Amino acid sequence: GKLPGRTRCSSTPISLGQIVLQESVSLSDSRPLLMELVSYMQSLPAERYEAVAPVLLEKLEIRAVGFNEAIVKLREDLGDFFERAGRFRDAANCLAEVPFVSAVRSENQKYLLEMHVRVANLLLRAQDIVRAEGFLERAGALIGSDTEPSMRLRVKVCNANISDAKLNFTKAAQLFLEAAQADAQTLTVRPAPRSDSTRTQT
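Residues numbered from 1 in each chain as written. Predicted model: local features only at pLDDT ≥ 70, side-chain atom pairs only at ≥ 80, totals over all residues. Heavy atoms only, no water.

Caption draft 1: Broad picture of the overall build of the protein chain. What the protein chain contains, in helices and strands, is 10 helices and 0 strands. Across the protein chain, helices and strands are ordered from the amino to the carboxyl terminus as α-α-α-α-α-α-α-α-α-α. Counting the 202 residues in the protein chain, one finds 36% classified as buried. In the protein chain, of all internal contacts separated by at least 6 residues, the share reaching a separation of at least 24 is 58%. Accessible area of the protein chain: about 12100 Å², with a carbon and sulfur share of 52%. (Helix = DSSP H or I, 4+ residues; strand = E, 2+ residues; numbered from the N terminus. Buried < 20%, exposed > 50% of the residue type's maximum accessible area, 1.4 Å probe, protein only. Contact = heavy atoms within 4.5 Å. Areas by Shrake-Rupley, 256 points an atom, 1.4 Å probe, with all protein chains shown as cover.)

Caption draft 2: Spotlight on helix α7 (residues 108-125). For α7, built from 18 residues, the straight-helix expectation of 26 Å at 1.5 Å per residue is met to within 8% by its first-to-last C-alpha distance of 26 Å. Taken as a whole, α7 has its buried residues at Y111, L112, L113, M115, H116, V117, V119, A120, L122, L123 and L124. If you follow the buried residues of α7, they end up packed against α5 (68-84), α6 (88-96), α8 (129-141) and α9 (149-165). Trailing α7 by a residue or two, Q127 shows a phi angle of about 65 degrees, which is positive. (Expected span 1.5 Å × (residues − 1).)

Caption draft 3: Highlighting helix α3 (residues 27-41). Along its 15 residues, α3 runs 21 Å from first to last C-alpha, staying within 8% of the 21 Å computed at 1.5 Å per residue. Buried residues of α3: S30, L33, L34, L37, V38, Y40 and M41, and no others. The buried residues of α3 occupy an angular sector of 160 degrees when projected down its axis, which confines them to one face. (Arc of directions from axis to C-beta.)

Caption draft 4: Main features of the pattern of salt bridges. For the structure on display, the rule yields 13 salt bridges. As a salt-bridge pair, R118 and D80 come within 2.5 Å of each other at their nearest N and O atoms. Placement of R118 in helix α7 and of D80 in helix α5 is noted, with a sequence separation of 38 residues between them. The class of R118 is partly exposed, set by a relative accessible area of 21%. E133 is the partner of K166 in a salt bridge, and the nearest nitrogen-oxygen pair spans 3.0 Å. Placement of the pair is K166 in the loop between α9 and α10 (169-186) and E133 in helix α8, with a sequence separation of 33 residues. You can call K166 partly exposed: its relative accessible area is 44%. Here E133 falls in the partly exposed class, since its relative accessible area comes to 27%. (Salt bridge = Lys/Arg side-chain N within 4 Å of Asp/Glu carboxyl O.)

Caption draft 5: The arrangement of the side chain of D77 in detail. Structurally, D77 can be placed in helix α5. On the basis of relative accessibility, which here comes to 4%, the residue D77 falls in the buried class.

Caption draft 6: Representation of the packing of α3 against α5 within the structure. Interhelical geometry of α3 versus α5 gives an angle of 5 degrees and a closest axis separation of 9 Å. Relative to α5, α3 is oriented roughly parallel. On α5, the residues touching L34, M35, V38 and S39 of α3 are E69, A70, K73, L74 and D77. Among the residues forming the contact of α3 with α5, the class breakdown is 5 nonpolar, 1 polar and 3 charged. (Axes fitted to C-alpha atoms, helices over the stretch in contact; angles between N-to-C directions. Parallel < 35°, antiparallel > 145°, perpendicular 65-115°, else oblique. Nonpolar A, V, L, I, M, F, W, Y, C, P; charged D, E, K, R; others polar.)

Caption draft 7: Looking closely at the side chain of D128. Within the secondary structure layout, D128 lies in the loop between α7 and α8. Note on D128: relative accessible area 14%, which makes it buried. A polar side-chain atom of D128 sits 3.2 Å from a polar atom in the side chain of R89. Sequence-distant contacts of D128, defined by excluding residues within four places in its chain, comprise R89 and L123. (Polar contact = N/O pair within 3.5 Å; in protein donor to acceptor, adjacent residues only side chain to side chain.)

The structure is reproduced here in C-alpha cells:
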C-alpha cells in the first residue's frame, strides 16, 4: 500500500503511524508503510519534523518487536537532524539508543563500529569526554583484522581528540602523528588526467 497524498500525510503523520501500528494490520503490510512514512517525514519543515519524529519513535518503540528497521532508520534520521542543528548531545543520545543488537544491518559488525565512533565524536563535540571515551573503548573492541584502514584512522583520530580534550597533550601529539603516518600510507597517487590540448596530435 501507499501512504495518502502529501497534504494529508504532512498534517497527520502521527495519526498515520497509529493506524499502521494497530495490531489488526499485519507486519507484512505495516513494515513497508512505516519505512515509507519515516522516509517521507524527512521532507517536513524542520519545526514540524522535530515535533512529530520523537512522538512516532516513542510509539514505534512500544511495539519494538518487528519494527527494528523503522526504529533504526528513524533514530538515524533524527540523529542527522540534531547534528545539522548543532545539537550534538541530542544527536549522540538519539544514536546511542539505536537497537544495536539486531539483524537490521547485513554487515552488523561494521555498522556497530561506525556508529560507536560517530557517537563518540558527537559526545566529544558536546564536551562529554567521559561518555565519548566509553563509546570509543567499545569501538576499539569491535576492530578486527578485516577493519578498513580508513575506519582504523577514524578511531585513532577520535582517540587523539579525546586525549587532547583531557589535556594529555603528549599522548594526543603521538596519536595525531601516528594518524598522519597511517593516512600517508593509505594515500594512492593517481596520474593527472590529460587534457585535450596535451594529447598527441595525429
